[in-house]
Every structure is written in C-alpha cells, then in structure tokens.
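# Remarks on the overall topology
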Amino acid sequence: MKERDRYPAGYIAAATLSVLAWPVLYGLESFNQAFCGSNSDRISKGISVFIILYMVITVVLTGIFGVINIVRSFRLFRSGQWELCAKNCMKLKYGMIPCFLINFYVLFLFGAVIWVLSSGTSMIWYVPLAFLITWLYLLPGAFYGIQVIRICRKEKQKNLLWCFGHGILQFCFLVDVPDAAWLTARELGMGWNLTAIFGRLRNGK
C-alpha cells in the first residue's frame, strides 16, 4: 500500500479558503444589496460577523497546518521516508498554484482600490505587507523543497554551493515549482504526476 499524507491537502484547502475571504465578502454583500431591500443593513452586520469568523478560522487552520507540514518535512527526512517527502513537496507546490493565483488577483484588486482612495500614498505599506503575507503561504512547500535538496545531497553527493543555490530558489515565487519538479524527477527519479515531464527529460525522451 502506498504511503499517504493528508497534511499537505489540509494546508492547501485551508490556505485557499483563507484567500477567498474577500471574494466571499463581496459576493455576499452584493447579493444583500441587490435582493434584501430594507433588511440589508441588518444583514450586512451579520455578513461582517460571518466574514470575521471565517477569516479567523481559516487563517488559524492555515497556520496550524503550515507548522505541521514544516515540522513533518524534517521528520520524514530524518526517518528515511524520502519518497513520501518528495511526493508531499510536489503536492504542495502544484496544489498551491490556484491559491496563489486567487491571492494575487484579490491583492491586485484590493491594491487598486487602496491606490484610488489614498492617491497612492498607502502603497508604501500595502505592497510590502501584501508580499510578506503571500510569501508566508510559500513556506511549507519551501521547507519540503529544502528536504528534497538534503536528499539530493545524501543521494547524489551534491556540494554545498549547489544546495545553497537551489535552497534560495525554493523561497522565490514562480521559480520554486519548476525547480522542485526538476530536483524530484531529474535528480532523484521520484516523478509524481506533472513532474513526469522532467523525468522524461532526465531519460532523454
């Protein structure tokens, strides 16, 4: 029986739900204004309470699952469960793509509103804050990527400079996914789903 780990899926689900908070708020408020008439003010208060609870619960769950995945990545490496470690890495890398796309779209729209309302002055704090929040979502997959690099060092005797370079890439947007896929398939031969593309490159097919 193949080993499975549900923690990556839990993190992906919680993170995706957390970035959907603003679209959900907009959708509910738009429906309220369009169809609820005289009761719209009272319902708006209920919507606000719901969204606050929604955000708190999803953000807390995202943090819990994030920490669990980071800790588990080190445990899987130490216990020699390297194939499961590599699979979890790619599950997080591929699975978080929709979350990041939604997140960037929401942050762009929210940033456009802030730009108009503040005449651009609030962008000084908004851009770094948005970048930091988005980068935090990257961390569980990045730490799994670090474990994959450690596996490569053990298996392929890679030098520290090689490991350091790939380690930096694991914490960078856009390049982290293809880099992890390349390491998993090209270096370790542990291709999983879309990673098989890189496995074919490894075999020269």
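Predicted, not measured: the structure shown is a model, and the values here were computed from it.

## What about the side chain of Thr 62?
- Tracing the sequence through the fold places Thr 62 in helix H3 (residues 40-78).
- Judged by relative accessible area, Thr 62 falls into the buried class, the value being 9%.
- Within the local environment of Thr 62, its side chain forms a polar contact with the backbone oxygen of Thr 58, the two atoms lying 2.7 Å apart.
- In this view, Thr 62 contacts Tyr 11, Ala 14, Ala 15, Ser 18 and Tyr 137; residues no more than four positions away in its chain are not counted.

## Digging into the pattern of salt bridges
- All chains considered together, the criterion is met by four salt bridges.
- Among the ionic pairs, Lys 87 bridges to Glu 83, the shortest N-O distance being 3.7 Å. On the criterion of helical spacing, the pair formed by Lys 87 and Glu 83 is a turn pair, its members being four residues apart in helix H4 (residues 82-95).
- For Lys 158, the salt bridge identified is with Glu 187, shortest N-O distance 3.3 Å. With Lys 158 in the loop between helix H6 (123-156) and helix H7 (160-169) and Glu 187 in helix H8 (residues 176-187), this pair connects stretches of sequence that are 29 residues apart.
- Classification of Glu 187 as buried rests on a relative accessible area of 14%.

## Concerning unusual backbone geometry
- We note that Gln 157 has phi near 60°; this positive angle belongs to a residue other than glycine.
- Using a relative accessible area of 64% as the deciding quantity, one classes Gln 157 as exposed.
- At Leu 174, a position not held by glycine, the phi torsion is positive, near 75°.
- Summarising the element assignment, Leu 174 is placed in the loop between H7 and H8.
- In this structure Leu 174 comes out as exposed when scored by relative accessible area, which is 76%.

## Things to note about the state of the cysteines
- Summed over the entire model, instances satisfying the criterion amount to zero disulfides.
- A disulfide-free cysteine, Cys 163 has its sulfur positioned 7.6 Å from the sulfur of Cys 152, the nearest such atom.

## Concerning the layout of surface pockets
- By volume, the largest pocket amounts to about 560 Å³.
- In this structure, the largest pocket is lined by 25 residues; those nearest its centre are Ser 18, Val 59, Asn 103, Ile 133 and Tyr 137.
- Listed by contribution, the elements that provide at least two residues to the lining of the largest pocket are helix H1 (7-19), helix H2 (21-35), H3, helix H5 (97-118) and H6.
- When residues of the lining of the largest pocket are assigned to their parent elements, the largest contribution, nine residues, is made by H6.

## A short note on the packing of H7 against H8
- H8 packs onto H7 with a crossing angle of 135° between their chain directions and a minimal axis gap of 8 Å. Taken as axis vectors, H7 and H8 run oblique relative to one another. Two secondary-structure elements touch here, H7 through Trp 162, His 166 and Leu 169 and H8 through Asp 176, Asp 179, Leu 183 and Glu 187.
- Classifying every residue of the contact of H7 with H8 by side-chain character gives three nonpolar, one polar and three charged.

## Remarks on the packing of aromatic side chains
- Using the criterion set out here, one finds 11 aromatic pairs in the structure.
- With centroids separated by 6.1 Å and ring planes inclined at 50°, the aromatic side chains of Phe 74 and Phe 143 adopt a geometry described as tilted. Taken together, the residues span a long stretch of sequence, with Phe 74 in helix H3 and Phe 143 in helix H6 at a distance of 69 residues.
- On the accessibility criterion, Phe 143 (23% relative accessible area) is partly exposed.
- A ring pair is formed by Phe 143 and Phe 171, whose centres lie 5.7 Å apart and whose planes are at 90°; its orientation type is edge-to-face. Of this pair, Phe 143 sits in helix H6 while Phe 171 is found in the loop between H7 and H8, placing the two residues 28 residues apart along the sequence.
- By relative accessible area, Phe 171 is classed as partly exposed at 24%.
- Members of the aromatic cluster, connected to one another through ring pairs, are Phe 74, Trp 135, Phe 143 and Phe 171.
- Lys 158 extends its terminal NZ or CZ atom over the ring of Trp 162, reaching a point 5.1 Å from the ring centre.

Conventions and cut-offs
Residues numbered from 1 in each chain as written. Predicted model: local features only at pLDDT ≥ 70, side-chain atom pairs only at ≥ 80, totals over all residues. Heavy atoms only, no water. Helix = DSSP H or I, 4+ residues; strand = E, 2+ residues; numbered from the N terminus. Buried < 20%, exposed > 50% of the residue type's maximum accessible area, 1.4 Å probe, protein only. Polar contact = N/O pair within 3.5 Å; in protein donor to acceptor, adjacent residues only side chain to side chain. Contact = heavy atoms within 4.5 Å. Salt bridge = Lys/Arg side-chain N within 4 Å of Asp/Glu carboxyl O. Disulfide = S-S within 2.5 Å. 1 Å grid on protein atoms, 1.4 Å probe; cavity = no way out; pocket = protein on both sides within 12 Å on 5 of 7 lines; lining within 4 Å. Points joined across faces, edges and corners; volume = space filled by probe spheres on them. Axes fitted to C-alpha atoms, helices over the stretch in contact; angles between N-to-C directions. Parallel < 35°, antiparallel > 145°, perpendicular 65-115°, else oblique. Nonpolar A, V, L, I, M, F, W, Y, C, P; charged D, E, K, R; others polar. Phe/Tyr/Trp six-rings, centres within 6.5 Å; stacked < 30°, edge-to-face > 60°. Lys NZ or Arg CZ within 6 Å of the ring centre and 35° of its normal.

By themselves, these observations are geometric and do not establish any function.
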